[in-house]
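Single-letter residue listing:
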Amino acid sequence: QVQLVESGGGLVQPGGSLMLSCAASKMVFSFYNMGWYRQAPGKERELVATVTRGGTTETADSVKGRFSISRDNAKETVYLQMNSLKPEDTAVYYCNAKIGNLEYWGQGTQVTVSS
């Protein structure tokens, strides 16, 4: 059973930074396209950023220039560096792994941006 475990969430003031990590296990990590999604209260889950197995990254327009995604295949971990955080970034952040028709999710980590 593939496992994705997120960490690094928490409470941060506006303008602050956080780095989320997602540790994968029981999968050949380097084969998967990885992503971060988020879901705010009362809203649908939305894509934040993705990194392909080849290392190509994309970020949503709402976080472009502030967030960056990266992966370390040796550590089987994907990261989301979040800078210049805004209150509207408050959400549960989920790690995602995709290969072909298979898709896996982590349990999520809460990020709250508030003064």
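This text goes with the structure placed above it.
Enquirer: Sorry if this is basic, but what is going on with the sheet that holds strand E1 (residues 3-7) here?
Expert: Hydrogen bonds between backbone atoms are what pair the strands of a sheet, whose relative direction is either parallel or antiparallel. Spatial strand order, E1-E3-E8-E7: four strands in an open sheet with antiparallel pairing. The strands lining the two open edges of the sheet, one partner per strand, are E1 and strand E7 (67-72). The sheet shows a mean angle of 15° between the axes of neighbouring strands, direction not considered.

Enquirer: How should the environment of arginine 71 be read in this particular structure?
Expert: For arginine 71, the position within the fold is in strand E7. In this structure the C-alpha to C-alpha distance between arginine 71 and phenylalanine 29, which are 42 residues apart in sequence, comes to 9.7 Å. What arginine 71 contacts, discounting residues up to four positions off in sequence, is Phe29, Ser30, Tyr32, Asn33, Met34, Val51, Thr52, Arg53, Thr77 and Val78. Separated by 2.9 Å, the side chain of arginine 71 and the backbone oxygen of phenylalanine 29 make a polar contact. Within the structure, arginine 71 has its side chain in polar contact with the backbone oxygen of threonine 52 (distance 3.0 Å).

Enquirer: Explain the pattern of salt bridges here, please?
Expert: Proximity of charged atoms lets side chains of opposite charge pair with each other. Inspection of the entire model under this criterion finds four salt bridges. Between glutamate 46 and arginine 38 there is a salt bridge, and its shortest N-O distance comes to 2.6 Å. The exposure class of arginine 38 is buried, given its relative accessible area of 6%. A salt bridge links aspartate 89 to arginine 38; the shortest N-O distance between them is 2.9 Å.

Enquirer: Please clarify how the packing of aromatic side chains should be interpreted in this entry.
Expert: For any pair of aromatic rings, the description consists of the separation of the ring centres together with the inter-plane angle of the planes. Scanning the model with the defined rule gives three aromatic pairs in all. Here the aromatic rings of tyrosine 32 and tyrosine 104 are separated by 6.3 Å at their centres, their planes lie at 55°, and the arrangement is tilted. Here the residue tyrosine 32 occupies a position in the loop between strand E3 (18-25) and strand E4 (33-39), and tyrosine 104 occupies one in strand E10 (residues 102-105), the gap between them amounting to 72 residues. Classification of tyrosine 32 as buried rests on a relative accessible area of 8%. Centre to centre, the rings of tyrosine 37 and tryptophan 105 are 5.0 Å apart; their planes meet at 65°, and the pair counts as edge-to-face.

Enquirer: Any chance you could explain the side chain of serine 21 here in plain terms?
Expert: In this structure, serine 21 sits in strand E3. Ignoring anything within four residues of it in the chain, the contact list for serine 21 reads Val5, Glu6, Ser7, Trp36, Thr77, Val78 and Tyr79.

Rules behind the numbers
Residues numbered from 1 in each chain as written. Predicted model: local features only at pLDDT ≥ 70, side-chain atom pairs only at ≥ 80, totals over all residues. Heavy atoms only, no water. Pairing = 2+ DSSP bridges. Helix = DSSP H or I, 4+ residues; strand = E, 2+ residues; numbered from the N terminus. Axes fitted to C-alpha atoms, helices over the stretch in contact; angles between N-to-C directions. Contact = heavy atoms within 4.5 Å. Polar contact = N/O pair within 3.5 Å; in protein donor to acceptor, adjacent residues only side chain to side chain. Salt bridge = Lys/Arg side-chain N within 4 Å of Asp/Glu carboxyl O. Buried < 20%, exposed > 50% of the residue type's maximum accessible area, 1.4 Å probe, protein only. Phe/Tyr/Trp six-rings, centres within 6.5 Å; stacked < 30°, edge-to-face > 60°.

Purely spatial values, then, with no claim about function.
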